[in-house]
There are 4 protein chains.
Amino acid sequence: MDYQKILEDIYQEILPFADKGAQADYIPALAKVNPDQFGIAIKTTFGEAYSYMQAQTRFSIQSISKVFALAMALSLEGEDLWKIVGKEPSGTAFNSLIQLEVEKGKPRNPFINAGAIVIADMLMSRLEDPDAEFLKFIRELSGSEDVGYNLEVAESEREKGYLNAAIINLLKHHGRIQNDIENVLMFYFRMCSVEMSCEELAQAFLAFTNYRPFDFAGYRLSSSKIKRLNAVMQTCGFYDEAGEFTYLVGLPGKSGVGGGIVAVHPAHYSVAVWSPRLNSKGNSVMGMKALELLTTYTQESIF
Amino acid sequence: MDYQKILEDIYQEILPFADKGAQADYIPALAKVNPDQFGIAIKTTFGEAYSYMQAQTRFSIQSISKVFALAMALSLEGEDLWKIVGKEPSGTAFNSLIQLEVEKGKPRNPFINAGAIVIADMLMSRLEDPDAEFLKFIRELSGSEDVGYNLEVAESEREKGYLNAAIINLLKHHGRIQNDIENVLMFYFRMCSVEMSCEELAQAFLAFTNYRPFDFAGYRLSSSKIKRLNAVMQTCGFYDEAGEFTYLVGLPGKSGVGGGIVAVHPAHYSVAVWSPRLNSKGNSVMGMKALELLTTYTQESIF
Amino acid sequence: MDYQKILEDIYQEILPFADKGAQADYIPALAKVNPDQFGIAIKTTFGEAYSYMQAQTRFSIQSISKVFALAMALSLEGEDLWKIVGKEPSGTAFNSLIQLEVEKGKPRNPFINAGAIVIADMLMSRLEDPDAEFLKFIRELSGSEDVGYNLEVAESEREKGYLNAAIINLLKHHGRIQNDIENVLMFYFRMCSVEMSCEELAQAFLAFTNYRPFDFAGYRLSSSKIKRLNAVMQTCGFYDEAGEFTYLVGLPGKSGVGGGIVAVHPAHYSVAVWSPRLNSKGNSVMGMKALELLTTYTQESIF
Amino acid sequence: MDYQKILEDIYQEILPFADKGAQADYIPALAKVNPDQFGIAIKTTFGEAYSYMQAQTRFSIQSISKVFALAMALSLEGEDLWKIVGKEPSGTAFNSLIQLEVEKGKPRNPFINAGAIVIADMLMSRLEDPDAEFLKFIRELSGSEDVGYNLEVAESEREKGYLNAAIINLLKHHGRIQNDIENVLMFYFRMCSVEMSCEELAQAFLAFTNYRPFDFAGYRLSSSKIKRLNAVMQTCGFYDEAGEFTYLVGLPGKSGVGGGIVAVHPAHYSVAVWSPRLNSKGNSVMGMKALELLTTYTQESIF
C-alpha cells in the first residue's frame, strides 16, 4: 500500500480543519506552542517508515505517557495490577472525581488521571529510581537516546494542577497511595512532560503491534499481555470519546492534550499524528480526522 | 485450525464453572429453563461450521436482538441515527436512569435498554409492519425460516417490566419517543423474546464478519458500516463489563440475559455460545470463559 | 398587629414583580389561567381573618395537597410512616429520579413527587374510598363543603405525566407500590387537582398552628405530631429552594405549581398567598416576595 | 419551668444509650478522649443558667465553629456572602465532592466542609489577623477569656486531612479560593480545634436567641440577620440528618464530630450538650436523644 501517498492525500483533505478547535492553554508552556503545526508518521511491522510534515518536531506527549507507564506496570505486576485500578471505560470526563468518590477510590481505568496517578505511585514503590527507569524504557522503545522530561512544563503543570491535587488527596483518603503525594504528583507530571516527535512515538508504539517479543530495558510483556494492553486502549484511551474514536478510526489508541494521538494496528503498523488544536473533549481535531481517513482509505481498521 | 478439537477442549476446561452463577429468574419463562446446558457454534468465512453440545437448542436471545435492531436502524438512517442515540460506553449498569436524566434523555448507546427502546421507536415510525420486517430480517440472516417470537415471554416481560416502563416514560418526557409507549415497549419485548440456537446465531452474526456484501431482506450495509457496528459492539456490548470482555476476549460481541453471547472476528469467523447461569453483571459465566479460552488458544483476538 | 394594613402595603411593594416569572403551561388547564392575579389571606389562632385582592378565587393547589395527604398518612400510620418515606431534604429538583435510583426506591421525603406517590399508594391500601375520604378531610379542614377535584385537570396531567409515570414505575420496580400503578397515579393527580382559594387554604392550614386539637373527619394528630409535620414542611416544603424559603421567610410552608403558597406560624397564624407566575424553581414569584415581607414587617418568623 | 429537674430526668432516661455509637478516631487527639462523658447546659434569655454533669469540661467543638465563622462572615459581607456559598441543604454527606464538582465549586451551604473552607478563605482575605480575630470574637461571645485553639489537634487533623485537602484543591481549581490553600486549610483546622465546655457554648449561642443586640468584638448583626443565620442552621446544620434533627428536636442547631451539639430556641434559650459517641451520621447519640427529650418535655420546639 502506498502509505506515503495516502498521508499526503489525507493532509490535503483535512486542511479545512486546520483552524478548528483550540490548543490547551492552562499552562504557558502549552499555550505558546505554534498551533499551526501538523505531523504524521507510520511505522510498519515490515520495517517501513512513512512520515509527512512536522513529523520530527517534538511536542509534549502528556497523557500518551500513560500507555508507557501502564506497560511498565503490567510487566512488573502482571494481572495483580487490576487490584489497584480497573479496566472499564469511565463514561465521564477524564478528570471526574464523582466516580472516584462513589467507587471508594479505585480508579476506573489506567488512562483517567486517577488511574495513572495510582500507577505512578506503584512504580515509585517498586523502582529504585523511577525517573531514570521511565526514561530508559521510553528511550529504548523509541530508539531515541535524547528523549527526556521538560522539567519546566512539569513544574508549571504542578503549579496549576489543583484538580490532580484534589484527585491524589482523595485517593490518599481512600488508602490508595503509598508514597508522599507531592512526590507522586511530580513524578506523574514529569512523565506527562516528556517530549517526543511523531516519528519517535510511531517507533515506540510499534512495540505494541507484537512485531517482535516485547523486551525493552528489561520490561517484558507476553504477546497476550500486549493484546490486552491494546484492548484497554481501545475501550478507555479517549476518555468520554472512546466510543467515537473506536467508531471512526477502529484502532486502539491514546491521545494527549499536547495534540498528539497514537494508534496501533496489531500486526500491521503503528501511527502517530500531532496537531495542537483540540476539540471539546480534549482530542486533536486534525489528528482525529487524519486517523479516520487513514483507516477509511486503507480499509485497515481492526473490525 | 482444528476448531472442533478446540471447542471440545474448552468445554472440558470450563466444566468446573458449570454451577457458578445464577440464571435470570425475573420472569417464569427464563427461570424454568434447565440451567445445566451449554452450547457453542462457530461459522467461518470460508464456509466451515463447528459446534459442540446443545448448539441446536434454542434459547431466548434477549439483548442480542439489539444488534439486529441496530443493523436495521443503521441501514435505514445511516449516520443520522446518531442524532437520537449515542455511541459511548455508559460506565453504569445497563438499566441506569441516572445518565438518562443527566443527559436529557439521549441514551448513551444502542445497547443499553434506553438506546434499544429509542431504536425500537424509530423502527416503528419507519416501517409499516415492524414485527414482520424484523422477523424477515433475522430469518434471512440466520437462514432459519422458523425463527420467531415467544409471545408468552414477551408478555411476561412486559408484566414485570417496570424498570423499562420507567425508562420509556422518561424518554417520552424528554421528547424522545414518537409512538405510543405501550406499543413501543411491546415491540421491544417481542424482539428480545426471539429464540435462536447457537448455530442459528453464529450463522446470523457471520454477516458481521464482512464475508459477503451485507444485504438481507433488503437491509444493506456497506463494509465500512459493518466495521462501525462492530466497533459499537466492542465498546458497548457488555454494559459495565465492556472493558473486561474486550480485555479477556478481544472480539466485538454482545450478550443477553438468556445466557447467550455472540462474538465476531472480522474476516475470520463468528461464534455463539450459550449457558444460562450469569455472573453479577448479567453475562453468562461459562460463555465468557469459553470465549476467553477460544481467543487464547487460537491467538485470534483482533488486537 | 394591623395585618390588614400590612397585607395592603405588601401588595403595593411587590407590584413591580407582577410580570416576573412564567406560569406553568405544561397542561392547558394551568396555561389558560389569567396570570395577572394575586390573592392573600391570613387566619389567626385568635379567630381573626384578613385577606386582600383575589383571596376568594379558587386555583389549582397542586403540591400543596401533599401536606393534606401527609397529615392523613401520619394519622393512620404514626411513626411507621417513615419506613416507606424519608424526611430529609432532597438537594435536587422535585422530580429527580437520580436519588430514587441510588437509594433503591425509598423517596427522600413526602413532598417530592416520589414521596407523595408512595403516600397516595399507602392511602389507597388503607382506605375503602380514598377519593371520598380525602375530600371529606379537606372539606372539614377548610370549612368549605364544595371544595372538590377538577377532573379535567387531573386527566390532562395524567396525559402529559410521563415523568410521574417514570417515577411510579421505578418505585414499583423497587417493590414500593402495592396497588395498580395507573390507579395510584390517577388518585395522586386528583389530589393535586383540588381547587381552593387563599381564604380556604388559610383556614385549612390554621389546623397546623395547633390552635385546637387536630381532629378532622376522624383524622387525629397529637400536638407533637403537628409540630413534626411543620418540621418536615420547613426542611422539605420547597424542593431545592427549601433553604432559600426558610432563610427569607422563616416559616414552615408548602408551594404548588398553580402559584399557591401556604405557610404557618405555629401558635399564631396561617397564611395563604397566590399568584400564577413562577420562578425558575417552580415557586410563585409574588408569593415568595409577599411572605418574605410579611415576616419582615411583623418580625414574626419562627427564628 | 424547672429546667434543672428536666435536665436530670433526661440524663436518667438516656443512660441506656450511653454505650451506643462510636467516638471519632481519625486523629489520636479525638480517639483518646474518654467516651463515657456527658454534659449539658442551658442559658435562658432571662439570665438563668442550668447545667448537669460534665458541663464545664472542655471538648473539641469541631464543626460547631462553622457557626461562629458564618456569623463573622455575615457581619462582614452581608447578603453578598451568598455569592460565594449557597444556603440549601446538601442532601449528601458533609464531605461529598460530587455536588461540588457538579455545581462548579460553589458549596451548597456554609456548614458542609467546602462551604466552611470558602468562608475561612474569605475571612483570611478580609482580616489582618484572622486567628486573633476569631479568638477575640468567640471569647467575647462565650465570656471566657481563655478559650483557645488546640494546635496539636489542628496539626494532626491537617496531617490526616486528605479529604479536606481534596476539597480545597477542587475549590481552587474552580477559582473559589483567593489565598494560599495550605494557609486556608490550617486556619480552618485551627477554628475546628477550639475547645469549649457546654456552659461556654450555651453562653456563646445565647447571642443567637436575639436576647440583646448582636455586637461582639465589633461584629454586628441585625435581629433579622440572626434569624436568618438560625434558618441556615435549621436546614443545613446536621449534614444529611438535618431533616431528622428538625423533626425530632425542632430547633436550629449545629453538631460537631467532637460530640457536641448546640441548639437555639429563639427568644427563649440556648442549649449545649456533649457526649463523644456518634451515630453513623456523625452526630452525638446521647446529644440527639437529650435534645429530643428536652423539646418534648418542655413542649418548646419552634414549631
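Just so we're clear, the structure is a prediction, and the values are computed from it rather than from any experiment. (Residues numbered from 1 in each chain as written. Chains lettered and ligands numbered in written order. Predicted model: local features only at pLDDT ≥ 70, side-chain atom pairs only at ≥ 80, totals over all residues. Heavy atoms only, no water.)

Here the focus is the relation of the copies chain C and chain D. Of the two same-sequence chains, chain C is brought onto chain D (RMSD 0.0 Å, axial shift 0.0 Å) by a rotation of 180 degrees. Taken together, the turn and the small shift mark the pair as related by a two-fold rotation axis. Closest approach to the rotation axis among the C-alpha atoms of chain C is made by C:G91, whose C-alpha sits 2.3 Å away. With an isologous cut-off of 70% or more, the 100% of interface residues of chain C that recur at the interface of chain D puts this contact in the isologous class. (Least-squares fit on C-alpha atoms with pLDDT ≥ 70 in both. Contact = heavy atoms within 4.5 Å.)

All names here are of chain D. Taken together, five strands build an open sheet; the order of strands is 2-1-9-8-7 and the sheet is antiparallel. Each of the sheet's edge strands pairs with one partner strand only, and the pair in question is strand 2 (49-53) and strand 7 (253-255). When the angles between neighbouring strand axes are averaged without regard to direction, this sheet yields 5 degrees. As paired elements, strand 7 and strand 8 (residues 260-265) share three bridges and run antiparallel to each other. Note on strand 8: the bridge partner recorded for K254 is V262. The strands that helix 10 (residues 198-206) touches are strand 1 (39-44), strand 2, strand 8 and strand 9 (269-274); relative to strand 1, the one it contacts most, it runs at about 30 degrees. (Pairing = 2+ DSSP bridges. Helix = DSSP H or I, 4+ residues; strand = E, 2+ residues; numbered from the N terminus. Axes fitted to C-alpha atoms, helices over the stretch in contact; angles between N-to-C directions.)

Attention now goes to the arrangement of the chains. Kept free of each other, chain A and chain C leave a smallest C-alpha distance of 11 Å between them. Between chain B and chain D there is no contact, and the shortest C-alpha to C-alpha distance separating them is 11 Å.

Between chain B and chain A, the superposition needs a rotation of 180 degrees and an axial shift of 0.0 Å, giving an RMSD of 0.0 Å. Comparing contact sets, 100% of the residues at the interface of chain B also lie at the interface in chain A, consistent with an isologous, same-surface contact.

If a strand is regular, its side chains alternate between the two faces of the sheet. Residues and elements named next belong to chain C. Most of strand 9 (residues 269-274) is tucked away: six of the six residues are buried. Neither face of strand 9 is exposed, since Y269, V271 and V273 on one face and S270, A272 and W274 on the opposite face are all buried. Bridge count between strand 1 (residues 39-44) and strand 9: six bridges; the pairing is antiparallel. Counted as the bridge partner of I40 is V273 from strand 9. Adjacent in sequence and paired antiparallel, strand 8 (residues 260-265) and strand 9 are bridged by three residues, among which A267 carries a positive phi angle near 75 degrees. (Buried < 20%, exposed > 50% of the residue type's maximum accessible area, 1.4 Å probe, protein only.)

Attention now goes to the interface of chain C and chain D. Contacts between the two partners involve 33 residues from chain C, matched on the other side by 33 residues from chain D. Overall, the association of chain C and chain D removes approximately 2800 Å² of surface from exposure, summing both partners, and the carbon and sulfur fraction of that is 56%. Run the count over chain C and chain D and you get four salt bridges. A salt bridge links D:E292 to C:R228, with the shortest nitrogen-to-oxygen separation between them at 3.4 Å. Taken together, chain C and chain D are joined by 20 residue pairs in polar contact (both at pLDDT 80 or more). At the level of secondary structure, the elements contributing two or more residues to the side of chain C that touches chain D comprise helix 11 (223-236) and helix 12 (242-248) of chain C. Broken down by element, the residue count for the side of chain C that touches chain D peaks at eight residues, all from helix 11 of chain C. Of the residues belonging to the side of chain C that touches chain D, the class tally is 12 nonpolar, 11 polar and 10 charged. (Buried area = accessible area lost by both parts, 1.4 Å probe. Salt bridge = Lys/Arg side-chain N within 4 Å of Asp/Glu carboxyl O. Polar contact = N/O pair within 3.5 Å; in protein donor to acceptor, adjacent residues only side chain to side chain. Nonpolar A, V, L, I, M, F, W, Y, C, P; charged D, E, K, R; others polar.)

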